[in-house]
Amino acid sequence: MRNIWIICRKELRSYFVSPVAYILLVMFAVIFGFFFWNSLGYFVNMAMEATMEGEQFPMNINEQVVRPLLANINVIGLFFIPMITMRLFAEEKRSGTIELLTTSPITDLQVIIGKWLSAVIMYALMLFATVLDLLFLFRYGNPDWKPLAIGYLGLLLQAGGLIAIGTFISTMTRNQIIAGAVTFGVCLLLWVLGWVSQYENATWAQVLSYMCVITHFDSFAKGVLDSKDAIFDLTVIFLGLFFTARSMESMRWRS
Amino acid sequence: MITVNGLTKRYARTTAVDQISFEVKQGQIVGFLGPNGAGKTTTMRMLTCFLTPTSGTATVAGFDILEQPLEVKKRIGYLPETPPVYPEMRIGEYLSFVGQLKGLSGSDLRARVDYACERCAVADVRNKIIGKLSKGYRQRVGLAQAIIHNPDVLILDEPTAGLDPKQINETRDLIKSLAGDHTIILSTHILPEVSQTCEQVIIINKGKIVATDSVSNLQQRARSGESVLVEVAGRIGSLDPAAVQRKLEQIAGVSRVIPKADGQKRVIFEVEATKAVRGDVARAVVESGWDLNELRPTALSLEEIFLQLTGSEAPAEMEAVAAGGANQ
């Protein structure tokens, strides 16, 4: 546990001593801020129209603002996760510091979990920037906080899985750009895989659509904690870290 | 302290290290010598548990590198060819991170960081960012990182590569001063380094050990053939160097006569022979009516021994190395 924390702290520090962390945080906050502003503006407009026309159209801030926003964060996250994970191992391999880590009296798994955890914390900090925006909803509206909390849990779980995949990809190259590009491609594919289910109903299409991370986020966005989706995310995390461990082990045979 | 037994590392097509075995006693400094690509780094990486051997094994301080890697790692300080430093960190920060990795904490950690800084002469710059340091300082930080947990064994991969002559001397002195507390294996392709720093030398070529001996023994061994320097002067008037050379070449056992300097009055030759020939040389010179000004045995340098041991393709490599060494 102590060793995991040593690695994690060092990784966090290297995010924050370089501009990387600040740029990611600011860009994420700006992009989300734009989405938030847009969707709130739309909601307010709808509400005013509904009042003027005297319609009693049921409006729900959780359903109409929070849910699409959570889905937006999810997609923006897909774009940012490769930037968080690409340096984790690629950089250590390039600069040779991987030799320090692998010849120190700590296990590979401790290194991997420490690094993965630091990336998850980094992502959580980015999510925190979005919470600041959502606080306005509580100031001027009356949303339910429980579905929102579950939505964030879902975001974290899903990001945990993608970060595990990114960590794995980062162990396979010493080039950060390659690690980032491949991770980005994989994230994007895992997002669009679900589209096949729109026109095809065969088993393979169902399998592909099951692998899509977005379909597993829907219930979280609704504020429903569905064990099926949570288990999917946990499985992705486990598999990603498992393959990372195998990849690190294979370095001992090849490099 | 270190026992290596039939260690082998094979890659898809090549065998980097082939069945090597050796032993290092406590407190020794052992030089691991060989041309580039001989398998030095691979061997060191296997000893530090960075690479898994294809077959064979080794024990460090009584622990097997395959069975108890964590125990081995606790007892080894390792400086890879490029010092494993994080350029964005400050020296103090970095050393304390490495200390924690090696299991130190609290006041113990602080004391060891201070000690390592002091010992490797980086105490005055410990708040500087590593990325802005010169190569020499980085190397010292690398050494400090290796000794931080007071390991029984130090494994140093080309610790003086890329340093300027002054830094090389400083680093060598530092390594020698560490020898009392630690058993040290250092690899190098620079020969004077071995004769200056090490007690024991292991010469490795193409993945195989070609010699294991003490430095003085190796020099002794190479001297079984003889190499003598002869200065000859003419008694009256001028002297014909070619005649002298012919005369020397005729002596039984002489394999090569190399002119070193010649002038009107005196000439110097280096005579290489397969047996003791000093008496014969002296007689030949005097009987020809010349003066024998000087006659002394020259020790074969480690360089020549190295070339003898590593075979024919080594010379080009060594020249490149020597040139590289001079440039550094």
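Relevant structure appears above.
Residues numbered from 1 in each chain as written. Chains lettered and ligands numbered in written order. Predicted model: local features only at pLDDT ≥ 70, side-chain atom pairs only at ≥ 80, totals over all residues.

A. Broad picture of the interface of chain A and chain B. Each side of the interface is counted separately: chain A has 16 residues, and chain B has 21 residues. Broken down by secondary-structure element, the contributors of at least two residues to the side of chain A that touches chain B are helix H1 (2–17), helix H5 (98–102) and helix H11 (227–254) of chain A. Broken down by element, the side of chain A that touches chain B gets its largest block of residues, 4 residues, from H1(A). For the side of chain A that touches chain B, the residue count by class is 6 nonpolar, 7 polar and 3 charged. (Contact = placed C-beta atoms within 7 Å. Helix = DSSP H or I, 4+ residues; strand = E, 2+ residues; numbered from the N terminus. Nonpolar A, V, L, I, M, F, W, Y, C, P; charged D, E, K, R; others polar.)

B. Up close: the sheet that holds strand S8 (residues 183–188) of chain B. All names here are of chain B. Read across the open sheet, the 6 strands follow the order S6-S7-S8-S3-S9-S10; overall the sheet is mixed. Lying at the two open borders of the sheet, with one neighbouring strand each, are strand S6 (76–79) and strand S10 (208–214). Looking at each pair of strands side by side, their axes are set apart by 15° on average, direction ignored. The sheet contact formed by strand S9 (residues 200–205) and S10 spans 6 bridges and is antiparallel. When the sheet's bridge partners are listed, Asn205 is paired in S10 with Lys208. (Pairing = 2+ DSSP bridges. Axes fitted to C-alpha atoms, helices over the stretch in contact; angles between N-to-C directions.)

C. Examining the sheet that holds strand S1 (residues 2–10) of chain B more closely. Residue and element names in this part refer to chain B. Strand order in the open sheet formed by 4 strands is S2-S1-S4-S5, and the pairing between neighbours is antiparallel. Among the strands making up the open sheet, the edge pair consists of strand S2 (15–24) and strand S5 (63–64). Sheet topology places S1 next to S2; 6 bridges connect them, and they run antiparallel. Its bridge partner being in S2, Thr3 is matched across the sheet by Glu23.

Honestly, it's all geometry; don't read function into it.
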